[in-house]
Amino acid sequence: TKKSKKKIEKIYLHYFKPDVELNDFEFTEAQKLDKIKDNSLTEIIIQDLLEFNDHNTNTIILNKILSKLKPGGILHIQGLDVKAMCYGVVYSQIDTVAFKTLVFGQSKNNIYTIAQIKKLVTNEMNNLFEIQKIKFMNGLQYYIECVKK
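First things first, this report covers the structure right here in the doc.

## Observations regarding unusual backbone geometry
Logical step 1: In this structure, Asn39 takes a positive phi of about 55 degrees despite not being glycine.
Logical step 2: By secondary structure assignment, the location of Asn39 is in the loop between strand S2 (26-29) and strand S3 (41-47).
Logical step 3: In this structure, Asn138 is a non-glycine residue whose phi angle is positive, near 45 degrees.
Logical step 4: Counting through the fold element by element, Asn138 comes out in the loop between strand S5 (129-137) and strand S6 (141-148).

This is how it looks when you write it as structure tokens:
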């Protein structure tokens, strides 16, 4: 008998598997994004994925993500906001050791502000994403929810 393959429609895309699995989302390594069929996914979560790449690589990744989402598909972007982190250090809400760990941990090489991510998603993606929600979480992280037009 032939084994039926589970259809995956929601993925958590990153370089590292999360310690705690996200309900209803299948972990997929960012390097395997090309193997996913175009227009096949309903949701993608990328959390701090953009912090591991330079600007040009992130533009390429976002274009690939766009191609994998169905029209109306949702992209969840979450990451650390550099301005919020700096304010945290200045006002003694974050010590410098925690700051260094958050900014440079796990070989991260980039950090953004919420405004930079918004610009990257809207302007550089030729307005193919529509931003549905923008908010701060726990004072340091931005969350942006985008829908593919």
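## Details of the nonpolar core
Logical step 1: Leu13, Ile44, Ile46, Ile65, Leu75, Ile77 and Phe129 are the most contacted members of the largest nonpolar core, which totals 27 residues.
Logical step 2: Where this core is concerned, the elements lending two or more residues are strand S1 (10-14), S3, helix H1 (55-68), strand S4 (69-80), helix H4 (114-122) and S6.
Logical step 3: Within the second largest apolar cluster, 6 residues are counted, among which are Leu80, Met85, Val103 and Leu140.

Rules and cut-offs
Residues numbered from 1 in each chain as written. Predicted model: local features only at pLDDT ≥ 70, side-chain atom pairs only at ≥ 80, totals over all residues. Heavy atoms only, no water. Helix = DSSP H or I, 4+ residues; strand = E, 2+ residues; numbered from the N terminus. Core = buried A, V, L, I, M, F, W, Y, C linked by side-chain atoms within 4.5 Å. Buried < 20%, exposed > 50% of the residue type's maximum accessible area, 1.4 Å probe, protein only.

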